[in-house]
Amino acid sequence: MIKNIAALCLITISFMANGQNLNLRINELVANNSAGMMDDFFETDDWVEIYNPPGSGITNLAGYYLSDDPDSLDKWLIPNTNAGVTTVLPNNFIVFWVDNDGNQGEDHVNSFTLSADGEMFILTAPDATTIIDSVTFGQQGTDVSYGRVCDGCANWQFFNNTTFADNNAEIQASDLLFVNEVQAAQTNYYDDLQGEFDPWFEIYNPNTYQVNLANYTITVNGNAAWTVPNNNPYRTVIPPGGFMLVWCDGDIQDDTNHAPITLGTTGGQIVIEGPDGASVDTYNYTSVPNNQSYGRQNDGSANSIVFTQPTPTVSNALVFVQPQNLYINELMAANQNGILDNMDELEDWFEIYNPNNFDVNIGGYYFSDNAEVPTKWIVPTSFADSVTVPANGWLLFWADADQEQGVLHTNFRLSNNGEYLGFYSPDGFTVVDEIAWTYIAPDTSLGRISDGAEQWVFFSGPTPEASNNEGTINIQESATNELFAYPNPIHDLLYLKQSTSLKIYSATGALLQNLVRVNQIDTSEWPVGVYIATTDGGQTMRIIKL
């Protein structure tokens, strides 16, 4: 009898596989897993959850396909070697680790990983042509999942609590936060990502875990409350012991942390309430001279003082440290056929140049791909020899979000479709060097025309850990790139550097718009997703709509 039941189960499983269960749904994903769920190998890899709705029958996903490329639907075939791992019951969930580690089991994708910058994920039937479900997502916040509002339903949202292999539900309690510093009037001290010197206040997270400010409510002087949007965790997640700026400029189209709030220059009161309505913090600030700030003497402390040198995004107890003279010298943001790292992987990289006649140990310096989070990654101090830039020499770092692979591997990646790279002194605030770019072609590097020079150019022959003087310069210099747009990711209006003609394509290659000599694009009616903009000259840029 037991053999008959087992045989019946196997027949049912086989039938659902062959019959192509078209009711399966991609239900939740994490594309920036840093300290969240771990797999069986104690690795915090990215993952995707698939839901099998009630009434669909037991389904073995062996023979189905997963992909991140609409032009390659059969990118990874789910193995048929262990039905116990690849089978999902009705009204239940199955999770796949998207880690390019197929040797770790049938539930580990073997041919790609998820991009935290945003992309498409596709579930395809065993016929390799029928797309059962797909989702396009934008830039992801650390340890925040993106999932359906309810299991299998149409709408998607970000979840501050991931629901790994469980029912999707938002649980967000109020956490301890402090209004830490206020600059109500400035003309030239600290600008936002749009280059504007607007008023701001800073929020400090004293906890040992990250807090997503999304769904918190802020009021100033009792005026209309502003609830922080829950559509861009990349901007609203505050790391443990970290800080977040709220720009009070009314330019809500610029980014999620730009608020329709006015800071009175004569003083005022800022109130934060949690998602559950609980009071989190109330802070009274006073009038200070232009370009100065008023804040807590120490982060989160009761006493407040005037800062003649404001400390946005870093500790109020900051001791300014003058850095050595060093340069970001060259970088590659799409390494497809170039040099391999110490793990024999093709990863993005950037190079630091030391023009001094002495070695410089940069342990304790910071790098970041976010100008408003300068302390995103600190260079480890544990192996000084490995992080020392030799006199008149170079040191290469791998921007691959794989810190476990060594002290030269950062916790962030680079994007060739527009990005920022900042290099900061050990105080986490003083800029050593910085560079921003728009589009960089694969296997092309962006670097100074000669080591430490002011002018930046593209190299079709990159020179990692060698002099840029030996590189092969691409005929197009970086300064001539007409396809520069901001902000990106975008919510509504996308602004172009100059009037440009361009075509807009969907992620699947469908032509959506043919625009002639425009300097801004209204994306308010675009569905959330990834789009491609190209010029007649062949320049390309990825646009992420949130």
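Since we're looking at a predicted model, the values are computed, not measured. (Residues numbered from 1 in each chain as written. Predicted model: local features only at pLDDT ≥ 70, side-chain atom pairs only at ≥ 80, totals over all residues. Heavy atoms only, no water.)

### Quick notes on the overall build of the protein
Phase 1 of the analysis: Helices and strands together make up the secondary structure of the protein, namely 3 helices and 39 strands.
Phase 2 of the analysis: The C-alpha extent of the protein, read off along each of the three principal axes, is 85 × 60 × 55 Å.
Phase 3 of the analysis: At a minimum sequence separation of 6, the contacts of the protein that also span at least 24 residues come to 58%.
Phase 4 of the analysis: For the protein, the accessible area works out to roughly 22,600 Å², and carbon and sulfur atoms hold 49% of it. (Helix = DSSP H or I, 4+ residues; strand = E, 2+ residues; numbered from the N terminus. Contact = heavy atoms within 4.5 Å. Areas by Shrake-Rupley, 256 points an atom, 1.4 Å probe, with all protein chains shown as cover.)

### With respect to the sheet that holds strand 9 (residues 131-137)
Phase 1 of the analysis: With antiparallel pairing, 4 strands are arranged side by side in an open sheet as 5-4-8-9. Whereas interior strands pair on both sides, the edge strands pair on one side only; in this sheet they are strand 5 (76-77) and strand 9.
Phase 2 of the analysis: The pairing of strand 8 (residues 119-124) with strand 9 spans 6 bridges and is antiparallel. Looking across to strand 9, one finds that Glu 119 is bridged to Phe 137. (Pairing = 2+ DSSP bridges.)

### Remarks on the pairing of strand 21 (residues 293-296)
Phase 1 of the analysis: Of the strand pairs in this sheet, strand 12 (residues 178-183) and strand 21 are connected by 2 bridges, and their pairing is antiparallel. In the strand pairing of strand 21, Glu 181 is matched with Gly 295.
Phase 2 of the analysis: Looking at chain direction, strand 21 and strand 22 (residues 304-307) are connected through 4 bridges and run antiparallel. Bridging from a neighbouring strand, Tyr 294 pairs with Val 306 of strand 22.

### Some details on the state of the cysteines
Phase 1 of the analysis: Applying the stated criterion across every chain yields a total of 1 disulfide.
Phase 2 of the analysis: Covalently, Cys 150 is tied to Cys 153 through a disulfide, its sulfur atoms 2.4 Å apart. (Disulfide = S-S within 2.5 Å.)

### Quick notes on the side chain of Asp 151
Phase 1 of the analysis: Structurally, Asp 151 can be placed in the loop between strand 10 (145-148) and strand 11 (156-159).
Phase 2 of the analysis: A distance of 3.0 Å separates the side chain of Asp 151 from the side chain of Asn 27, its partner in a polar contact.
Phase 3 of the analysis: At 2.7 Å, the side chain of Asp 151 forms a polar contact with the side chain of Asn 167.
Phase 4 of the analysis: Ignoring sequence-local partners within four residues, the contact set of Asp 151 consists of Asn 27, Tyr 51, Phe 93, Asp 166, Asn 167 and Asn 168. (Polar contact = N/O pair within 3.5 Å; in protein donor to acceptor, adjacent residues only side chain to side chain.)

### Here we look at the packing of aromatic side chains
Phase 1 of the analysis: Under the criterion given, the structure shown has 22 aromatic pairs.
Phase 2 of the analysis: The interplanar angle of 0° and the centroid separation of 6.1 Å between the aromatic rings of Tyr 190 and Trp 247 together place this pair among those described as stacked. With a gap of 57 residues between them, Tyr 190 in the loop between strand 12 and strand 13 (200-204) and Trp 247 in strand 18 (residues 243-247) connect regions that are remote in the sequence. Assigned by exposure class, Tyr 190 and Trp 247 land together as buried.
Phase 3 of the analysis: Ring centres of Phe 367 and Phe 423 lie 4.5 Å apart, and the angle between their planes is 10°; on these two criteria the pair is classed as stacked. Note that Phe 367 is positioned in strand 26 (residues 366-368) and Phe 423 in strand 30 (residues 419-424), a separation of 56 residues in sequence. (Phe/Tyr/Trp six-rings, centres within 6.5 Å; stacked < 30°, edge-to-face > 60°. Buried < 20%, exposed > 50% of the residue type's maximum accessible area, 1.4 Å probe, protein only.)

### Overview of unusual backbone geometry
Phase 1 of the analysis: Backbone geometry at Asn 100 places phi at a positive 60°, although glycine is not the residue there.
Phase 2 of the analysis: For Asn 100, the location among the structural elements is in the loop between strand 7 (92-97) and strand 8.
Phase 3 of the analysis: One non-glycine residue with positive phi stands out, namely Asp 344, at about 60°.
Phase 4 of the analysis: Its location among the elements puts Asp 344 in the loop between strand 23 (327-332) and strand 24 (348-353).
Phase 5 of the analysis: We classify Asp 344 as exposed; its relative accessible area is 62%.

### Quick look at the sheet that holds strand 27 (residues 377-378)
Phase 1 of the analysis: Strands sit in the order 27-26-30-31 across an open sheet of 4 strands; the sheet is antiparallel. Whereas interior strands pair on both sides, the edge strands pair on one side only; in this sheet they are strand 27 and strand 31 (431-437).
Phase 2 of the analysis: Of the pairings in the sheet, the one linking strand 26 to strand 30 comprises 3 bridges and is antiparallel in character. Bridge pairing in strand 30 links Phe 367 to Phe 423.

### Quick notes on the side chain of Ser 145
Phase 1 of the analysis: Looking at the element boundaries, Ser 145 is found in strand 10.
Phase 2 of the analysis: Reaching out from Ser 145, the side chain makes a polar contact with the side chain of Glu 28 at a distance of 2.6 Å.
Phase 3 of the analysis: Setting aside anything within four residues of it in sequence, one finds Ser 145 in contact with Glu 28, Leu 29, Val 30, Gln 157, Phe 158, Phe 159, Asn 161 and Thr 162.

### Some remarks on the pairing of strand 32 (residues 445-448)
Phase 1 of the analysis: Bridge count between strand 23 and strand 32: 2 bridges; the pairing is antiparallel. Counterpart to Glu 330 in the pairing with strand 32 is Gly 447.
Phase 2 of the analysis: Bridge analysis of strand 32 against strand 33 (residues 456-461) gives 4 bridges, and the strand direction is antiparallel. Opposite Leu 446, over in strand 33, you have Phe 458 as the bridge partner.

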